[in-house]
Amino acid sequence: MSGQNSDPMGELKRRAAEEAAAMVQDGMAVGLGTGSTAALMIDALGRRWADGLRFVGIPTSERSAEQARALGITLVDFSTHAQLDLAIDGADEVERGSLDLIKGLGGALLREKIVAAAARRFVVIVDEGKLVDHLGSRSPVPVEVTPFGWESTARQLGELGARVALRIKRDGELFVTDGGNLILDCTFGPIEDPRALEAAIGDIVGVIESGLFVHRTSEVIVAGRQGLTRLVAA
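First things first, this report covers the structure right here in the doc. (Residues numbered from 1 in each chain as written. Predicted model: local features only at pLDDT ≥ 70, side-chain atom pairs only at ≥ 80, totals over all residues. Heavy atoms only, no water.)

### What about the packing of helix α2 (residues 8-21) against helix α3 (residues 36-50)?
One can describe the packing of α2 onto α3 by two numbers: an axis separation of 8 Å at closest approach and a directional angle of 55°. One way to sum up the angle between α2 and α3 is to call them oblique. Judged by the sense of rotation from one axis to the other, the crossing of α2 with α3 is right-handed. Each of Lys-13, Arg-14, Ala-17, Glu-18 and Ala-21 in α2 lies in contact with α3, whose residues at this interface are Ser-36, Thr-37, Leu-40, Met-41, Ala-44, Leu-45, Arg-47 and Arg-48. When its residues are assigned to classes, the contact of α2 with α3 shows six nonpolar, two polar and five charged. (Axes fitted to C-alpha atoms, helices over the stretch in contact; angles between N-to-C directions. Helix = DSSP H or I, 4+ residues; strand = E, 2+ residues; numbered from the N terminus. Parallel < 35°, antiparallel > 145°, perpendicular 65-115°, else oblique. Left-handed = near helix turned anticlockwise from the far one by under 90°. Contact = heavy atoms within 4.5 Å. Nonpolar A, V, L, I, M, F, W, Y, C, P; charged D, E, K, R; others polar.)

Following this line, the structure appears as structure tokens:
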């Protein structure tokens, strides 16, 4: 039997990625997300590019940039395209109703947030396991910080109620972002007020950005056991 039958959720995620990619039209400037689901979307855009679609992309990571270049997709930066028509990305958690997000387990949260903030529409692709009633129920909040003084920054994040862990790669080396920074994974448990927590984290000197994406999502395409569902913020 085909791999599609043996991995129905993987097939649904591929369909969700293709549905998101279908939103891209000729002449658009598009933000290209990072992560396994976003990679499926970039592949789908590559197929549309081969069929003649023309647009420009701003990638949220070096990984996504490399993938897009390999597919022939034209990449630009904010010096020529200060605003994007559309950005498409995945997420680590999506809060039901608000569609607020936790992002950054892949390590690209700063660029992802810059791209999302610059987009007229921000569309997120996830599987149904990423839906939660409260952010923080399953995932820590990644916080990108400067290497200098990260220990002090971590202490202050702990004072907000987080259990803080410096991100380490499997080989034992520090995880370093594309921007040369470190990530502190902050476990808060269920978050009652994501906007207030996002602001409190941002007030700490040494914090560059957090993985809380509050009131930024236009639409979420969810791959679930019953098929694809499209959600808009309540």
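Following the structure, the description resumes.
### Focus: the environment of Thr-146
Structurally, Thr-146 can be placed in the loop between β9 (141-145) and α6 (150-159). As a C-alpha pair, Thr-146 and Leu-101 span 45 residues in sequence and 23 Å in three-dimensional space. Contacts of Thr-146, omitting those with residues within four sequence positions, involve Asn-181, Gly-206 and Ile-208. From its side chain, Thr-146 meets the backbone oxygen of Phe-148 in a polar contact 3.0 Å long. (Polar contact = N/O pair within 3.5 Å; in protein donor to acceptor, adjacent residues only side chain to side chain.)

### A few points about the side chain of Glu-144
Positionally, Glu-144 belongs in strand β9. Summary of buried charges: Glu-144 has no salt-bridge partner, and the nearest side chain of opposite charge, Arg-111, is 7.5 Å away. There is a polar contact of 2.9 Å between the side chain of Glu-144 and the side chain of Asn-181. Once residues within four sequence positions are removed from consideration, Glu-144 is found in contact with Leu-109, Leu-110, Thr-177, Asn-181, Leu-182, Ile-183, Gly-206, Val-207, Ile-208 and Glu-209. (Buried < 20%, exposed > 50% of the residue type's maximum accessible area, 1.4 Å probe, protein only. Lys, Arg positive; Asp, Glu negative; His and termini not counted. Salt bridge = Lys/Arg side-chain N within 4 Å of Asp/Glu carboxyl O.)

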